[in-house]
Amino acid sequence: MVIYMKKPMPQSVFLPVLRKESQSSSPIMDMRSNGSTLLDHEQQRHNVTQCLCYMEPQNITRFSEVLLLGLSDDPELQSLLFGMFSFMYLVTVFGNLLIILAVHSDSHLHTPMYFFLSNLSLADIGFTSTIVPKMLNDIHTHHKIISYVDCLIQLSLLNFFGYMDSLLLSIMAYDRFVAICQPLHYPVIMNPHLCGLLVLVSFLIRLFYSQLYCFRMSQLTFCIDVEIPSFFCDTPQLLHLACSDTSTNTILVYCICAIFGGVPVSRILFSYMQIVPSILKVPSSAGKYKALSTCASHLSVVCLFYGTGLGVFLSSVDSPSLRSGEVVSVMYTTVTPMLNPFIYSLRNRDIKRALQRLLSRTAYF
């Protein structure tokens with residue numbers, strides 16, 4: 001018998017086969033290795049996702065910026081807007097400062113009505129100074145970005161001075177009510193201590209609510225770049241752009257508007273419902289004209305302030321992503337504080353005389 005011996009194969013040829021057989025011969029180990037690999041990939045993906053979810057709110061809340069689109073992007077209008085708003089701001093500051101100086105320099109104007117008027121002028125200066133200088137700087141430097149912290153500060157100051165105007169107008173309506181309906185008791189009721197207490201309490205209330213409001217707005221987070229189609233930080237537009245839950249903030253906004261808008265307006269309406277019949281009972285025409293002149297100035301400021309403020313709020317709520325209501329916003333933030341000194345000085349002889357004495361003293365020195 002002839003036996004044919006095959007040539008032995010090299011060991012390197014058997015190694016892959018043995019490795020393959022060893023791998024295929026242990027399916028349980030194969031499943032374990034594959035399972036561990038999938039678990040590793042899933043754990044890595046979970047870690048990456050967790051890292052992203054952790055870092056994004058931190059970047060947004062601490063380092064985010066707000067882009068104020070302004071009134072117009074047309075380069076040809078920038079110079080016109082800069083000149084117009086610079087003039088309006090100077091007139092506003094100069095006119096309200098004249099009212100404050102005239103009231104404090106003339107002893108005849110040391111009465112509750114003019115005391116509240118000087119505080120109203122101070123609030124108007126603070127209100128317009130919160131917005132207009134920033135807007136002028138944006139137009140001049142072509143840099144319309146504001147940090148989120150500065151946006152919150154601007155929002156807090158706007159609410160503070162806005163509530164200050166609202167409460168002062170309500171107090172001035174009560175002052176007119178006492179002066180016309182109870183003239184004999186006016187010096188006793190509206191004494192200096194009560195006037196100072198009313199201003200102090202209103203100041204503390206405004207400060208508390210403005211800080212509470214700022215704290216609630218600081219809790220918002222944003223998932224996209226914040227672009228506000230306005231020249232100042234507006235509350236409804238910030239709430240519209242936030243990706244966090246804004247239900248509590250929205251309720252807070254409506255409650256504050258109801259308190260500082262509805263309550264003062266109700267108080268003003270109630271005061272004038274008592275004032276009008278009392279004026280009609282005045283026998284002399286001169287007395288009627290004097291009472292109507294002071295009330296007409298106050299009513300003009302009330303209608304201008306609350307009318308434009310309501311227009312700004314409604315335009316922001318209805319279309320927060322569009323540049324609607326820009327005219328109303330300009331009227332509310334710049335025109336109304338500018339017109340207040342003219343409204344009170346042109347129809348008030350005492351203010352005219354005090355301003356003439358003040359200007360004559362200034363020219364003499």
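Residues numbered from 1 in each chain as written. Predicted model: local features only at pLDDT ≥ 70, side-chain atom pairs only at ≥ 80, totals over all residues. Heavy atoms only, no water.

A.B. asks: Please clarify how the overall build of the chain should be interpreted in this entry.
C.D. replies: Along the backbone of the chain there are 12 helices and three strands. Within the chain, buried positions represent 42% of all 365 residues. Counting only contacts in the chain whose residues sit at least 6 apart along the sequence, the fraction spanning at least 24 positions is 78%. Carbon and sulfur atoms provide 68% of the accessible area of the chain, an area that totals close to 21,300 Å². (Helix = DSSP H or I, 4+ residues; strand = E, 2+ residues; numbered from the N terminus. Buried < 20%, exposed > 50% of the residue type's maximum accessible area, 1.4 Å probe, protein only. Contact = heavy atoms within 4.5 Å. Areas by Shrake-Rupley, 256 points an atom, 1.4 Å probe, with all protein chains shown as cover.)

A.B. asks: Help me understand the side chain of R176 in this model?
C.D. replies: Along the polypeptide, R176 turns up in helix α5 (residues 148-181). A relative accessible area of 10% places R176 in the buried class. The residues contacting R176, other than those within four sequence positions of it, are M113, Y186, I275 and T294.

A.B. asks: Got a minute to help me understand the state of the cysteines in this structure?
C.D. replies: Disulfide: a covalent bond formed between the sulfur atoms of two cysteine residues. Overall, the coordinates contain one disulfide when judged by the stated rule. Of all cysteine sulfurs, the one in C295 lies closest to C181, which takes part in no disulfide; the gap is 8.9 Å. For C181, a relative accessible area of 24% puts it in the partly exposed group. (Disulfide = S-S within 2.5 Å.)

A.B. asks: I tried to follow the sheet that holds strand β1 (residues 65-68) on my own but got confused; where do I start?
C.D. replies: Sheet strands pair by backbone hydrogen bonding; their relative direction is either parallel or antiparallel. Overall, mixed pairing links the three strands, which are arranged β2-β1-β3 in an open sheet. Each having just a single partner strand, β2 (145-147) and β3 (226-228) make up the two edges of the open sheet. Between one strand axis and the next, the sheet turns through 30° on average, direction left out of account. Bridging between β1 and β2 involves three bridges; their strand directions are antiparallel. The partner of E65 across the bridge, within β2, is S147. (Pairing = 2+ DSSP bridges. Axes fitted to C-alpha atoms, helices over the stretch in contact; angles between N-to-C directions.)

A.B. asks: Help me understand the pattern of salt bridges, please; the structure alone is not making it clear to me.
C.D. replies: Using the criterion set out here, one finds three salt bridges in the structure. Here D106 and R357 are joined by a salt bridge, their closest N and O atoms 2.5 Å apart. In this pair, D106 sits in the loop between α3 (75-105) and α4 (112-141) while R357 sits in helix α12 (residues 349-364), placing the two residues 251 residues apart along the sequence. Taking the shortest distance from any N to any O, the salt bridge between D175 and R176 comes out at 3.1 Å. You'll find D175 and R176 in the same group, each marked buried. (Salt bridge = Lys/Arg side-chain N within 4 Å of Asp/Glu carboxyl O.)

A.B. asks: Teacher, can you tell me more about the nonpolar core here?
C.D. replies: Across soluble globular proteins, nonpolar side chains show a tendency to be buried alongside one another. Counting 64 residues, the largest nonpolar core has L117, L169 and I351 as the members making the most contacts within it. Residues within four places of I351 in sequence aside, it is in contact with I99, V103, L109, Y114, L117, Y344 and S345. Core analysis: the second largest hydrophobic core is formed by 25 residues, Y163, L220, C233 and L241 among them. (Core = buried A, V, L, I, M, F, W, Y, C linked by side-chain atoms within 4.5 Å.)

A.B. asks: What exactly am I supposed to notice about a nonpolar patch on the surface here?
C.D. replies: Together, L197, L200, V201, F203, L204, I205 and L207 make up a nonpolar patch on the protein surface, roughly 570 Å² of accessible area in all. Along the chain, L207 falls in helix α7 (residues 192-218). A relative accessible area of 34% means that L207 is categorised as partly exposed. (Patch = residues over 30% accessible without salt bridge, like charges linked within 9 Å, V, L, I, M, F, W, Y side chains within 5 Å.)

A.B. asks: Help me understand unusual backbone geometry in this model?
C.D. replies: Negative phi characterises most residues that are not glycine, and trans characterises most peptide bonds. In the Ramachandran plot, H142 falls in the positive-phi region, its phi being about 55° despite a non-glycine side chain. Along the chain, the position of H142 falls in the loop between α4 and β2.

A.B. asks: What is the right way to look at α4 in this model?
C.D. replies: The end-to-end C-alpha distance of α4 is 44 Å, a good match for the 44 Å that 30 residues give at a rise of 1.5 Å each. The largest bend in α4 amounts to roughly 35° and is located at S129, with the proline P133 lying one to four residues further along. Of all 30 residues in α4, 22 are buried, a share of seventy percent or more. Backbone geometry just downstream of α4 places H142 in the positive-phi region, at approximately 55°. (Expected span 1.5 Å × (residues − 1). Bend = angle between axes of the 7 residues up to and from the residue.)

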